[in-house]
Amino acid sequence: MHSVTGVDPHLDIETYDPSADLMVLNLGPQHPSTHGVFRVKLYLDGEIIIKAVPYAGYLHRGVEKLCEELTFVQIIPIVDKNDYVSPMMNEQAIAMACEAMLGIEVPPRALYLRTIFAELQRLASHLLWLGTFGMDLGGALGGGATLFMYCFRERETILGLFEEVTGCRFHYNTHAVGGNRHDITPKFSCDTKTTLEVIEKRLEEYVQIFSSNRIYRARTQGIGVLDGDLANSLGITGPLARASGVDHDLRRDAPYHIYGELDVKVFTESAGDCFARTLVRLNEMYESIRIVREIIDSVPEGPILGMKPGKSPGHIKIDASQGYSCIESPRGELGTYIIGGGKSRGASAYRLKIRSPSLHAASCIPYLFPGHTVSDAVAILGTLDPIMGEVDR
Amino acid sequence: MAVDESQRTYEHPLYQHVERMPGVSVALGSIDQLLTWGSANSLWIFPMATSCCGIEFMAAAASGVDLDRMGSIPRGTPRQCDVMVVAGTITVKMAPRVKKLWEQMPEPKWCVAMGSCAISGDFYRDIYSVIPGIDTFVPVDVYVPGCPPNPEALMHGLLLLQEKIRMVREGTLTREEVRPESPPNLNRPAIGRLQDPERDPLTDEEQTDSAAGLGFGDNLNLAQIRRPRPEPELRPQVDAEPRPQVDAEPRPQVDAELRPQVDAEPQPEVDADEESAP
Amino acid sequence: MTRDEAQQRFVALLQERFGVEEIPDDNYPLIDAKHHFELARVLREEFGYRIYSFVVASHYLEKVDAKNDNAVIDIEHYEVATGIRCVGAPAHLASWRVRVELDQSIPTLFPLFAGADWQEREQYDLVGVRFDEHPDLRRLMMPEDWEGHPLRKDYAIETACPPWR
Ligand code: SF4
């Protein structure tokens, strides 16, 4: 079908060699390597996967329905919980969608804050991925939990920065329609610079762990090759697509916040395997550090909220228009499609859809798994980095 | 489905037979202490980590807080574990699996509900696909509130669980375990929705006012809202909940170092000063 | 090419080849259901829109005019919005809407975009729109034996699911 590898995701298992002695193995929904609750049914011939059927929905919390009931002011802390590894991004996506539809101007200081938060969050999110991926690969990266411990140590420092600004370790609720709620202090920029310095130094260590470890290379190079065309047609964006040679990054191609003034470097790899995905993410971490360093000192003075705060939760009204806007989250294009409630119910959306990059990423599993062994499946699932809260919403 | 509480046992049935043998009980006294110490300080955790709280659970297991030093090691399988920590939202699709995993754990076992989602369903409470609290189908021993609870809060929850285990084994748990039947209007939130006809307009006002005070910058008269702040505390407030009544008996020495210094906080010396002043 | 130019090109395409007369300012253009697949094919093959972005189905209840003796303004129907995007700058998003009657279905985009597989399954599951010739139209989020489609407007948010709640 679509795949250059000739994998048919809807393979009829009856027609595949009826005399074969196939085994069915359930990976999940409670499996430590699925990073949440996700189930993949594997049909095995010996140890080789013939067909993989993913089942999602074990964390379907009905966020879209809830967003139809609540007002635009109230949903911001709720969408926080979708991609719980990078909550800042969820808030920004919703706030930006409302602003774009209402034509609200966001003050420049708030734009700078959003960019800084977004890049720090990207760094934290990739660190978490690195740690858990190290744990998935077990012994390949120096004994199970070592890398996990290292990465969480670094991630905690970033969460500490956010906690100082917003009062929360995550689920910040710091973005509002029209700007931000919490302002940064001179101390914040000081702390950020020190933190970034430490992280940058330690990142080098991790890169060495990756690049010079033969077991690690053997387990990732040539494993789970995702073709660039297939990635596009599946709607996969972000680091996954860039590791397959798709030169596409919304920060550069459709700039929002203040990315238009910055020169965002986009890293691509052509191999498309697990190792390439690792490299792209590591490079993105360095790039995030660079961007934050570049702008942290030039944050302009001024207000951080461009809109008068309303007296009631229903003070933001969108009439029957429709609109879509998106940002580049650590996992790709995170968008929000809003249909306004019209004249009578304008304070809440008629329909709100969250376009989640993780759902698209997870949908390539039927294409990638066949032909690999079960242990490779764990490595592939680790590099896809789907966040279940976002897959199921 | 309620679990029959009277069926839960905390020790092996053979133990009671051995105890009845003449002369054994003297020796068993100290063995019993040893066992109590052992079972309270080696709580292996089965992380039922479904969503955001699961990330906080990972942070608790990682280097910052480090649950391992309390003897609580997270394991990926229910069969080796003593405590199930339910961290995250449980949906209708997931609930049968959670129940099955709980049943696979060997006795004695305990359950910790971490986060508002596991406790009550949080704001997903009245959504069609979310279970309003896991205590509707598994017995919960410790509730750790928060959205998400800090790693320190989870640690405090586990310390409370240790406390409970100790008291149960020593027979000093005098309070009845409260396991309220689900109230009939379980699916209704306490505060009405915006569209709810019964919603009190005063609630509306209060909520918006408190939301407006959260930092809308220059646009509000902040002096009206801001109250004098207390001096910042150095330690995070892990001990904000009421603690169960602990008896005055000295505990085994071992756990004295492991427990945070909750009880040892100096009493405010105001009274003494006032008495001595005149 | 800038984004505005790409948008103009898209509008010109709609007007010349697909007979769309008015393009609303605050809304995506509404096209006829029979052009749905063809438009996606042309955009993908001739203009290089290769990234499958989203599909959003929404459900509209019957609308009546309360002042005018409850005369029916609009009957119950679905609307399906689709968006596809071109690779690299200017990352223009081509998006359009299709009106689908309650008893109708809409052709799947799976032969063009593999991502339509899961996305359309999700919309079928949550809203109830049927997609023609979809290879595997099962529920994605809810359990297989679930009744109803949760995101429809006539579905109450607190619908109970015994024995769990
Ligand atoms: S309590 Fe809050 S943080 Fe925890 S799982 Fe629920 S929504 Fe997420």
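Residues numbered from 1 in each chain as written. Chains lettered and ligands numbered in written order. Predicted model: local features only at pLDDT ≥ 70, side-chain atom pairs only at ≥ 80, totals over all residues. Heavy atoms only, no water.

Colleague: Give a detailed account of the overall build of chain A, specifying residues and quantitative values.
Modeller: Per the secondary structure count, chain A includes 15 helices and eight strands. The C-alpha atoms of chain A give 22 Å as radius of gyration, which agrees with the globular expectation for 393 residues (21 Å, within 12%). Overall, the C-alpha framework of chain A stretches about 70 × 50 × 35 Å when taken along its three principal axes. Across the 393 residues that make up chain A, the buried fraction comes to 67%. The averaged location of the 48 negative side-chain charges in chain A is 6 Å from the averaged location of its 38 positive side-chain charges. (Helix = DSSP H or I, 4+ residues; strand = E, 2+ residues; numbered from the N terminus. Rg over C-alpha atoms; globule rule 2.2 N^0.38 Å. Buried < 20%, exposed > 50% of the residue type's maximum accessible area, 1.4 Å probe, protein only. Lys, Arg positive; Asp, Glu negative; His and termini not counted. Charge placed at Lys NZ, Arg CZ, Asp CG, Glu CD.)

Colleague: Talk me through the site of the ligand; I want residue IDs and the actual numbers.
Modeller: In the region of the ligand, 14 residues are neighbours, and S51, C52, C53, C117 and C147 of chain B sit closest. In this structure the ligand sits where residues from chains A and B come together. Those elements that place two or more of their residues in the shell around the ligand are α3 (52-61) and α5 (115-120) of chain B. A total of three residues in the shell around the ligand trace back to one element, the largest contributor, which is α5 of chain B. Broken down by class, the residue content of the shell around the ligand amounts to five nonpolar, seven polar and two charged. (Near = heavy atom within 4 Å. Nonpolar A, V, L, I, M, F, W, Y, C, P; charged D, E, K, R; others polar.)

Colleague: So what's going on with the pattern of salt bridges? Residues and values would help.
Modeller: Residue and element names in this part refer to chain A. Per the counting criterion, the structure on display carries 42 salt bridges over all chains. A salt bridge links R331 to D83; the nearest nitrogen and oxygen atoms lie 3.1 Å apart. Residue R331 is located in the loop between β6 (322-329) and β7 (332-339), and its partner D83 is located in the loop between α2 (76-79) and α3 (87-102); the two are separated by 248 residues in the primary sequence. Accessibility assignment for this pair places R331 and D83 in one class, buried. For D385, the salt bridge identified is with R331, shortest N-O distance 3.3 Å. Here R331 lies in the loop between β6 and β7 and D385 lies in the loop between α14 (374-384) and α15 (388-392), a separation of 54 residues in the sequence. For D385, a relative accessible area of 4% gives the class buried. Here the salt bridges do not stand alone but share partners, grouping E119, R122, R242, D249, R251, E284 and E328 into one network. (Salt bridge = Lys/Arg side-chain N within 4 Å of Asp/Glu carboxyl O.)

Colleague: Just give me the short version of the interface of chain C and chain A, but keep the residues and values in it.
Modeller: Listed per partner, the contact involves 53 residues of chain C and 48 residues of chain A. Counting the surface chain C buries against chain A, the share from its top three residues, W118, M141 and L151 of chain C, is 18%. Put simply, chain C and chain A have four salt bridges between them. Between E68 of chain A and K153 of chain C there is a salt bridge, and its shortest N-O distance comes to 3.1 Å. The interface formed by chain C and chain A contains 20 residue pairs in polar contact (both at pLDDT 80 or more). Secondary structure elements with two or more residues in the side of chain C that touches chain A: β2 (51-60), β5 (77-85), β6 (93-101) and α3 (116-126) of chain C. (Contact = heavy atoms within 4.5 Å. Buried area = accessible area lost by both parts, 1.4 Å probe. Polar contact = N/O pair within 3.5 Å; in protein donor to acceptor, adjacent residues only side chain to side chain.)

Colleague: Before we move on, can you summarise the packing of helix α6 (residues 186-211) of chain A against helix α11 (residues 274-296) of chain A with the specific residues and values?
Modeller: Residues and elements named next belong to chain A. At a minimum axis separation of 10 Å, α6 and α11 run at an interaxial angle of 160°. What the angle tells us is that α6 and α11 run roughly antiparallel. Crossing geometry of α6 relative to α11 is assigned as left-handed. Counting all contacts with α6, which are made through F188, S189, T192, K193, L196, E197, I199, E200, L203, E204, V207 and F210, the residues of α11 involved are F275, T278, L282, M285, Y286, I289, V292, R293 and I296. (Axes fitted to C-alpha atoms, helices over the stretch in contact; angles between N-to-C directions. Parallel < 35°, antiparallel > 145°, perpendicular 65-115°, else oblique. Left-handed = near helix turned anticlockwise from the far one by under 90°.)

Colleague: How would you summarise the nonpolar core if you had to cite specific residues and measurements?
Modeller: What tends to happen in soluble globular proteins is that the nonpolar side chains get buried as a cluster. Residues F369 of chain A together with I134 of chain B are the most contacted members of the largest nonpolar core, which totals 197 residues. Residue contributions to this core peak at 15 residues, all from helix α4 (residues 108-136) of chain A. Setting aside its immediate chain neighbours within four residues, F369 of chain A contacts V40, L42, I49, A52, A377, I380 and L381 of chain A. Of all hydrophobic cores here, the second largest spans 23 residues; its members include V85, W110, L158 and L159 of chain B. (Core = buried A, V, L, I, M, F, W, Y, C linked by side-chain atoms within 4.5 Å.)

Colleague: Please give an account of the sheet that holds strand β3 (residues 110-114) of chain B that cites residues and values.
Modeller: The strands that make up a sheet pair up through hydrogen bonds in the backbone, lying either parallel or antiparallel. All names here are of chain B. One open sheet accounts for four strands, arranged β1-β2-β3-β4; its pairing is parallel. Edge positions in the sheet fall to β1 (45-49) and β4 (142-144), since each of these pairs with one other strand and no more. With strand direction ignored, the average angle separating the axes of adjacent strands in the sheet is 20°. As paired strands, β3 and β4 are joined by three bridges and run parallel to one another. Within β4, the position partnered with A113 by the bridge is Y143. In this fold helix α4 (residues 95-104) packs onto β1, β2 (83-87) and β3, with an angle of close to 175° to the strand it touches most, β1. (Pairing = 2+ DSSP bridges.)

Colleague: Outline the packing of aromatic side chains, listing residues and values.
Modeller: Residue and element names in this part refer to chain A. In the structure shown here, the tally under the stated rule is 18 aromatic pairs over all chains. For the ring pair Y324 and Y337, a centre distance of 6.5 Å and an interplane angle of 40° mean the geometry is tilted. Within this pair, whereas Y324 is found in strand β6, its partner Y337 is found in strand β7, the two being separated by 13 residues in sequence. Clustering of aromatic rings is evident, with ring pairs tying together F117, F162, Y172 and F188. When the ring centre of Y259 is taken as origin, the NZ or CZ atom of R251, which lies over that ring, is 6.0 Å away. The ring centre of W129 lies 4.6 Å from the NZ or CZ of R281, which sits over that ring. (Phe/Tyr/Trp six-rings, centres within 6.5 Å; stacked < 30°, edge-to-face > 60°. Lys NZ or Arg CZ within 6 Å of the ring centre and 35° of its normal.)

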